[in-house]
Amino acid sequence: MKKAQSDTLGFVPQKDIVYNKLLPYAEKLDDESNDILSKIKGNLCRAVQLREIWPGVLFWTRKLSTYMRLYGRKFSKEDHVLFIKLLYELVTIPKLEISMMQGLARLLINLLKKRELLSREDLELNWRPLYELYDRILFSKTEHLGLNWFPNSPRPRSSSKHLMIKLVQRCSVENVLKTLVKSCRPYFPESASQEMLDEWRPLLCPFDVTMLKAISYFELFLPTTLPPELHCKGFKLWFDEFIALWLSVQNLPSWEMHLVNLFARLSNDNIGYIDWDPYIPKIFTRILRSLNLPVGTSQMMVARYVTNAYEIGHVVLWVSSLLGGPSKQAQEQLSGLFNSITSFFHPSNHGRWLMKLMRLLQRLPASMVRRLHRERYRKPTWLTPVPDSHKLTEEDITAFVESMMQPVLLAMFSKTGSMDAAQALQNLALMRPELVIPPVLERTYPALETLTEPHQLTATLSCMIGVARSLVSGGQRYPEGPTHMLPLLMRALPGVDPNDFSKCMITFQFIATFVTLVPLVDCSSALHERTDLTEVEREMCSASAEFEDFVLLFMDRCFALIDSSTLEQTREETETEKMTHLESLVELGLSSTFSTILTQCSLDIFKVALKKVFNFATTNIFETRVAGRMVADMCRAASKCHPAESLKLFVPHCCNAINQIAENEEVLNEEELDKELMWNLQLLSEVTRVDGDKVLPYRSEVVQILQLTLHLKCKQGYTLACNLLHHLLRSSALLYPKEYCSVPGGFHQPISDYLPIKDWGRPGDLWNLDIRWHVPSVEETSFAFYLLDLILQPELQRLQRFCTGRTGHEQR
């Protein structure tokens, strides 16, 4: 593929956006991108030669940033290196305006973001210009005098607000500069470590304020990604000195956390090349101390500055890097750490320390998953690989998951919410589903049967959403997982409750998550047609016969929710007639969940659901503000999934109803329209949001409705008519994907050829997405122009005559 692309482009692209190849006009993108890139290179060089920083360099660097958003890093390695070197020189120009420096730095960070694309042999950047820039801006002697002004500063109204704005802007500039240094750090020369030590070692005095400045510089600038043969010029120059310094302090000085951050980065970049065993007990003792937990019966707390505590992100990185290897000491210490703090995760405990514990619980499994991906699945790059002797084994993973399960299960019902525990369970289930999912199920089934403890239900459903893919996909480690899917869905249906907003929303999310992973196809006939099924697969096929009942029961629950959400039921019409914030969220949850269900349905189940929603929508008349919007959204979801079957029912019904009511011309001139007319117009405007070619057979009926309703006197009526016109023009003239199934090509094949249960929980295949695009045909484009000429053109001419006449009157 790359060779074919290089023949077209004239170079091998560094890393373009793979999704662009799925666009319907993908064959035109190479010529288009080549033309834009050549203009950027030519004009940027010209602006630099002319020393035209503004507007020339600024304009073309923004064009380059836009190019990267559209096409990725679609340029050669030589161009990539030249862009970086040019921007590096521009960023480090002395006395460059800070706002310009910020913009150029962000682009340079973007160019350096993918470290695997450029090795140290391809690129080398001097560290000193960055240090001088950083020192000049953030340690300026004139800033407090107001002689340095940071960008994007609104005019302050008071001195206190003025000070706060300056602090926020300074933090923004500081973050950009720190990110820039981190991005450039892998490409510092091999002599950089010694030069930095010579520069900042004289500042290392624990009794002076310069200590903090020196350690923060070391943390930010010292390179830790040197290859093993250059370790003697890297961390070996300073590791023994710094670790001894860290061990010698006991009073948690302000600079200690910078040392911890440096050690965490060093450990992560050089797994297997540093012997941490002598320091592991001390490391975990310090970590436990930094959590600042209450101890003793009187809950005494050591007085420390909270800002001096270790950052959880770096603690997690350090701990996950220490695990594995011949010595199991780190895992033993980690198990001991969690055993000692497990009781603090109990829901009855609460304090300012709880947020830090929850972050530790949430981030540590995620860091382990990243390390596993790095060791087992990531393509090799120039960065130092992990030696085989220190890679995580299956026993290491099992021990890690077991050590975390007890605190995570306690944290499910924490007063701070269950989201941190849910994310932790999601990552733990990816590693060991057989250890994680059963205890979560043991807590979920009773919660679904209990009506008096809504917090227990919302917490367990949040955690089940996290482990959904691991449960549904089954696999060798937990093959019986998929058999729980349908019982969970059926038991969750009572959660669609109009009297409890939070329970209703989490239920919608729960159902949508599981249905997204599972094709709702009745596979029970496979029990008689196939003999190659396992016992679990036979149970899944048998259970799939209940999918139709589940869809119909879910619709009944939704209809009950809608009936209780009408404007008359929720509040008096004399109050606001718009949706409240909660009602709009319920509408969003209902429409997205129902759309997901119909998208994942087989055609047979869809037809039953379509008939049910059609009967509900056409045998009732809804007010168009709240309940009407919800019902119209459900009808729109049905028409979007299978337009031909849906439009065949809805369009003739709505058009006939509107025409019958509109026979009386007095109705059309009323300020308050007939409710039935309004409802059918709203329904028609929503169900026509489908592929343009599916609307063409009904164009005469739709155009007739437009001509009747666009000039209504009722504002709400002509607004709905305008929505109908808007949707018709969009569906006829735009490019958009037409299929959203979890399986490419859908799942409407015979069971003998394709068994949908094989795709339960299957991840998407990037190279086989089979996206089907709507590309406007000539007939659709003609219909769009016809609508413009028939409806919009006369209105524009009338407006022009009105404006001309008014101008002439004013002149007279």
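Above this text is the structure in question.
Residues numbered from 1 in each chain as written. Predicted model: local features only at pLDDT ≥ 70, side-chain atom pairs only at ≥ 80, totals over all residues. Heavy atoms only, no water.

Hey, could you run me through the overall build of the protein in this one?
Along its length, the protein carries 36 helices and four strands. Seen through its C-alpha atoms, the protein measures out along the principal axes to roughly 95 × 80 × 60 Å. Put simply, the protein has 812 residues, and 49% of those count as buried. Contacts in the protein between residues at least 24 apart in sequence constitute 78% of all its contacts with a sequence separation of at least 6. Approximately 39,600 Å² of the protein is accessible, and the part contributed by carbon and sulfur atoms is 53%. Distance between charge centroids for the protein: 8 Å, based on 89 positive and 93 negative side chains. (Helix = DSSP H or I, 4+ residues; strand = E, 2+ residues; numbered from the N terminus. Buried < 20%, exposed > 50% of the residue type's maximum accessible area, 1.4 Å probe, protein only. Contact = heavy atoms within 4.5 Å. Areas by Shrake-Rupley, 256 points an atom, 1.4 Å probe, with all protein chains shown as cover. Lys, Arg positive; Asp, Glu negative; His and termini not counted. Charge placed at Lys NZ, Arg CZ, Asp CG, Glu CD.)

Sorry, what's going on with empty space enclosed by the protein here?
Gaps left between atoms show up when a probe the size of a water molecule is rolled over them. In total, this model carries two cavities of 30 Å³ or more according to the counting rule given. By volume, the largest cavity is sized at about 90 Å³. Lining the largest cavity are 14 residues; nearest its centre among them are L448, T450, L457, G495 and K503. Per-element tally for the lining of the largest cavity: the top contributor is helix α19 (residues 454-466), with three residues. When the residues that make up the lining of the largest cavity are grouped by side-chain class, the tally is eight nonpolar, three polar and three charged. (1 Å grid on protein atoms, 1.4 Å probe; cavity = no way out; pocket = protein on both sides within 12 Å on 5 of 7 lines; lining within 4 Å. Points joined across faces, edges and corners; volume = space filled by probe spheres on them. Nonpolar A, V, L, I, M, F, W, Y, C, P; charged D, E, K, R; others polar.)

Any chance you could explain the packing of aromatic side chains here in plain terms?
Two descriptors summarise a pair of aromatic rings, namely the distance from one centre to the other and the angle between the planes of the rings. Inspection of the entire model under this criterion finds 34 aromatic pairs. Measuring from ring centre to ring centre gives 5.9 Å for Y134 and Y217, while their planes differ by 65°; the resulting arrangement is edge-to-face. On the criterion of sequence distance, the pair formed by Y134 in helix α6 (residues 128-138) and Y217 in helix α9 (residues 210-221) is long-range, its members being 83 residues apart. Each member of the pair, Y134 together with Y217, is buried. Each member of the aromatic cluster is reached from another via a ring pair, and the members are W127, Y131, Y134, W200, Y217, F218, F221, W238 and F242. Geometry around W246 places R286 over its ring, the cationic atom sitting 4.7 Å from the centre. (Phe/Tyr/Trp six-rings, centres within 6.5 Å; stacked < 30°, edge-to-face > 60°. Lys NZ or Arg CZ within 6 Å of the ring centre and 35° of its normal.)

Even after reading the chapter, I still don't get the pattern of salt bridges, so can you show me in this structure?
Should the charged atoms of two oppositely charged side chains come close, the side chains can pair. Inspection of every chain in the model, using the stated rule, returns 31 salt bridges. Residues E394 and R376 are paired through a salt bridge, measuring 3.0 Å at the closest nitrogen-oxygen approach. Of this pair, E394 sits in helix α16 (residues 394-411) while R376 sits in helix α15 (residues 354-376), and the two are 18 residues apart along the sequence. Taken together, the salt bridges that share partners define one network made up of R376, E394, R432, E434 and R477. (Salt bridge = Lys/Arg side-chain N within 4 Å of Asp/Glu carboxyl O.)

Is there a simple way to explain the layout of surface pockets in this structure?
For the second largest pocket, the calculated volume is near 920 Å³. As for the second largest pocket, its lining consists of 33 residues, of which K640, D691, P737, K738 and Y740 are closest to the centre. The biggest single contributor to the lining of the second largest pocket is helix α27 (residues 581-599), with six residues. The residue makeup of the lining of the second largest pocket, split by class, is 12 nonpolar, 12 polar and nine charged.

Before we go on, may I ask you to explain α19 in this structure?
For an α-helix the count is 3.6 residues per turn, leaving residues at separations of three or four pointing the same way. Taking 1.5 Å per residue as the helical rise, α19 with its 13 residues ought to reach 18 Å, and the 19 Å between its terminal C-alpha atoms agrees with that figure. The element α19 is extensively covered by neighbouring structure, given that 10 of its 13 residues are classed as buried. All of the buried residues along α19 are L457, T458, A459, T460, L461, S462, C463, M464, I465 and G466. The inward-facing, buried residues of α19 abut α17 (419-431), α18 (433-449), α20 (468-473), α21 (485-492) and α22 (501-517). (Expected span 1.5 Å × (residues − 1).)

What's the story with the nonpolar core in this structure? I'm lost.
General note: in soluble globular proteins, nonpolar side chains tend to be found buried as a group. Ranked by size, the top nonpolar core spans 247 residues in total, and within it F221 and W276 carry the most contacts. A total of 10 residues in this core trace back to one element, the largest contributor, which is helix α5 (residues 98-112). (Core = buried A, V, L, I, M, F, W, Y, C linked by side-chain atoms within 4.5 Å.)

In this structure, what is going on with the side chain of H727? I would like to understand it.
Relative to the assigned elements, H727 resides in helix α35 (residues 715-733). The exposure class assigned to H727 is buried, which follows from its relative accessible area of 9%. Engagement of the side chain of H727 in a polar contact is seen with the backbone oxygen of S685, the distance being 2.7 Å. Non-local contacts of H727, meaning those with residues more than four positions away in its chain, are made with S685, E686, T688 and R689. (Polar contact = N/O pair within 3.5 Å; in protein donor to acceptor, adjacent residues only side chain to side chain.)

How should I be thinking about helix α12 (residues 280-290) in this particular structure?
Buried within α12 are the following residues: I280, I283, F284, R286, I287 and S290. Down the axis of α12, the sector holding all buried residues measures 160°, keeping them to one side. Buried residues along α12 sit in contact with α10 (239-248), α11 (256-269), α13 (312-322), α14 (329-341) and α15. Of the residues flanking the end of α12, it is N292, one or two places downstream, whose phi is positive at about 55°. (Arc of directions from axis to C-beta.)

What's the story with the packing of helix α29 (residues 627-641) against helix α30 (residues 643-662) in this structure? I'm lost.
Packed helices, taken two at a time, are described by their axes: the angle between them and the distance between them. Put simply, α29 and α30 touch, their axes get as near as 5 Å, and they point 130° apart. Our classification of the angle between α29 and α30 gives oblique. Contact residues: C635, A638, S639, K640 and C641 in α29; P643, S646 and F650 in α30. The residue makeup of the contact of α29 with α30, split by class, is five nonpolar, two polar and one charged. (Axes fitted to C-alpha atoms, helices over the stretch in contact; angles between N-to-C directions. Parallel < 35°, antiparallel > 145°, perpendicular 65-115°, else oblique.)

Got a minute to help me understand the side chain of H231 in this structure?
For H231, the location among the structural elements is in the loop between α9 and α10. If we skip the residues at most four places from it in the chain, H231 touches L226, K236, N270 and Y273.

Please clarify how unusual backbone geometry should be interpreted in this entry.
A negative phi angle is the norm for most residues apart from glycine, just as the trans form is the norm for most peptide bonds. Here the amide bond leading from W54 into P55 is cis, since omega sits at 5°, within 30 degrees of zero. As for its position among the elements, P55 is in helix α3 (residues 53-71).

When you look at a nonpolar patch on the surface in this model, what are you seeing that I'm missing?
Together, Y25, L735 and V775 line one region of the surface with nonpolar side chains, adding up to about 260 Å² of accessible area. Residue V775 is classed as partly exposed on the basis of its relative accessible area, which comes to 47%. (Patch = residues over 30% accessible without salt bridge, like charges linked within 9 Å, V, L, I, M, F, W, Y side chains within 5 Å.)

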